[in-house]
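Per-entry structural report
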Amino acid sequence: MPAPVAVGAAAKVAGGKSGALRAAGALGGNKGKKKGGRGCLITAVIAALVVIVTVAAPLLLLVVLLGGAEGGKQATLSERSQVPEEYLAVLMSAAGTCEDVGAPLLAAQVDVESDWDPRAESWAGAMGLAQFMPTTWAQWGSDGDGDGLADVFNGKDAITSQAAYLCDLVARAESAIAAGTITGDPVSVALAAYNAGWSAVAGAGGIPAVAQEYVTKVLAAMTGYLWLDPTAGPGGTASGSAIVDAAMVWVGYPYVWGGGTINGPSKIGVDGRGPGFDCSGLVLNAVYAATGLQLDHLADSQARDNRGITIARDFSQMQPGDIVAFSNSGGQRYQHVGIYIGDGQMVHAPTTGKNVQVVDLQNNRYYGAMVWSIRRFA
């Protein structure tokens, strides 16, 4: 739910609805549906075994507390989440309010906020489909269906207002990140501000702990609504862009050896961070979310999976969503894997101490010296 905080005049970002989440922004609820490995480096394996022997019980407790335990099955494009028919047109229209707030994000947020119940009310006083507090609605409430009224319990009004407010929060987040006063990606920060209020974000210098679960839920719920993105193929057929979208929602999550399932991030890393992903865990999660194909949790197996079409190591032939594996042993074994996102870039989970991030491949000497295996599962 949007926190009852006063914000400045709207600073809407110009532009139409984005088809895929931008790398920089790839990225509370009343009702939420719980959306619910082997590593890339030998040294990580040894470290992980030591941790398991010495602190297995505390780590198990942390995994449960932080949501690492597997929950419900993550939605695939063939098992897509539904938008009530009466809201589909206004949802697609509202998605054009700014570039960073697309239909999948808006739908996922409504899903978590109210489960598409326009009459929903929370114990805190939040109301309607998008769970606006009265003071926030007084500033951002608008007429979304042309009846001359701005009614918080009118789903079309709520979605139109939700998009305007979230776009303004994204713009504020972008400005604050550029100024160095907060860190994070703009979309995740905006979601945190929607849930906990801008003052909480400013005070924490980014996403406050109280809003982390909410942000995670919304981003995870997005995988069920990727069919709303026109870059997903006809009839919800998986596309490379859908694989990219499914991976980009996890940008900023920590590398965790053995982490990542079809349901999302899991486990705690040797550095105490988590839940998160290792390289093959991120790939299996994104490919499953977009296609329903379940890959092995091992980079070498993913590199050799014949369900994927082999693609030449040629940027003119590579497409977003292609899986790129790397071998420093001449192709005898592939130790690392990521997802090509276009423009010579890849999203991947690098190694312990780092986060899921985008990296340049075209001018990268480290990966450039390795043998590549590229497969297309879309």
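Below or above, wherever it landed, is the structure these notes cover. A quick note: this is a predicted structure, and the numbers were derived from the prediction, not measured.

**What about the nonpolar core?**
Among the nonpolar cores identified, the biggest contains 93 residues, and V83, W116, L191, W198 and I339 are the most heavily contacted of them. Element by element, the count of residues in this core is highest for helix α5 (residues 155–179), at eleven residues. In contact with V83, other than residues within four places in its own chain, are L88, L91, A107, W116, Y225, W227 and L228. Counting residues in hydrophobic clusters, the runner-up holds twelve residues, among them I311, M318, M346 and Y367.

**Points about the sheet that holds strand β3 (residues 336–342)**
Strand pairing in a sheet relies on backbone hydrogen bonds, with the paired strands running either antiparallel or parallel. Taken in spatial order, the six strands of this open sheet run β1-β6-β2-β3-β4-β5, and their pairing is antiparallel. Strands with a single pairing partner mark the edges of an open sheet, and in this sheet they are β1 (309–311) and β5 (357–360). The mean inter-strand angle of the sheet, taken between neighbouring strand axes irrespective of direction, is 35°. In the sheet, strand β2 (residues 323–327) pairs with strand β6 (residues 371–376) via five bridges, with the strands oriented antiparallel. Opposite I323, over in β6, you have R375 as the bridge partner. In the packing of helix α9 (residues 240–248) onto the sheet, the strands contacted are β3, β4 (345–348) and β5, and the crossing angle to β3 comes to about 115°. Docked against the sheet, helix α10 (residues 279–291) engages β2, β3 and β4, running at close to 50° with respect to β3.

**With respect to the environment of M133**
On the secondary structure map, M133 appears in the loop between α3 (103–114) and α4 (134–140). Judged by relative accessible area, M133 falls into the buried class, the value being 11%. With eleven residues separating them in the primary sequence, M133 and S122 have C-alpha atoms 9.5 Å apart.

**Considering α9**
One full turn of an α-helix is made of 3.6 residues, so residues set three or four places apart face in the same direction. Among the nine residues in α9, eight count as buried, and that is most of the element. All of the buried residues along α9 are G240, A242, I243, V244, D245, A246, A247 and M248.

**Considering helix α2 (residues 85–94)**
For α2, the complete set of buried residues consists of Y87, V90, L91 and A94. When α2 is viewed along its axis, its buried side chains cluster within an angular range of 110° and face the same direction. Opposite the buried face of α2, at more than 90 degrees from it, the exposed residues are E85, A89 and S93. Looking at the buried positions of α2, the neighbouring elements they touch are α3 and α5.

Each value, and the rule that gives it
- Residues numbered from 1 in each chain as written.
- Predicted model: local features only at pLDDT ≥ 70, side-chain atom pairs only at ≥ 80, totals over all residues.
- Heavy atoms only, no water.
- Core = buried A, V, L, I, M, F, W, Y, C linked by side-chain atoms within 4.5 Å.
- Buried < 20%, exposed > 50% of the residue type's maximum accessible area, 1.4 Å probe, protein only.
- Helix = DSSP H or I, 4+ residues; strand = E, 2+ residues; numbered from the N terminus.
- Contact = heavy atoms within 4.5 Å.
- Pairing = 2+ DSSP bridges.
- Axes fitted to C-alpha atoms, helices over the stretch in contact; angles between N-to-C directions.
- Arc of directions from axis to C-beta.

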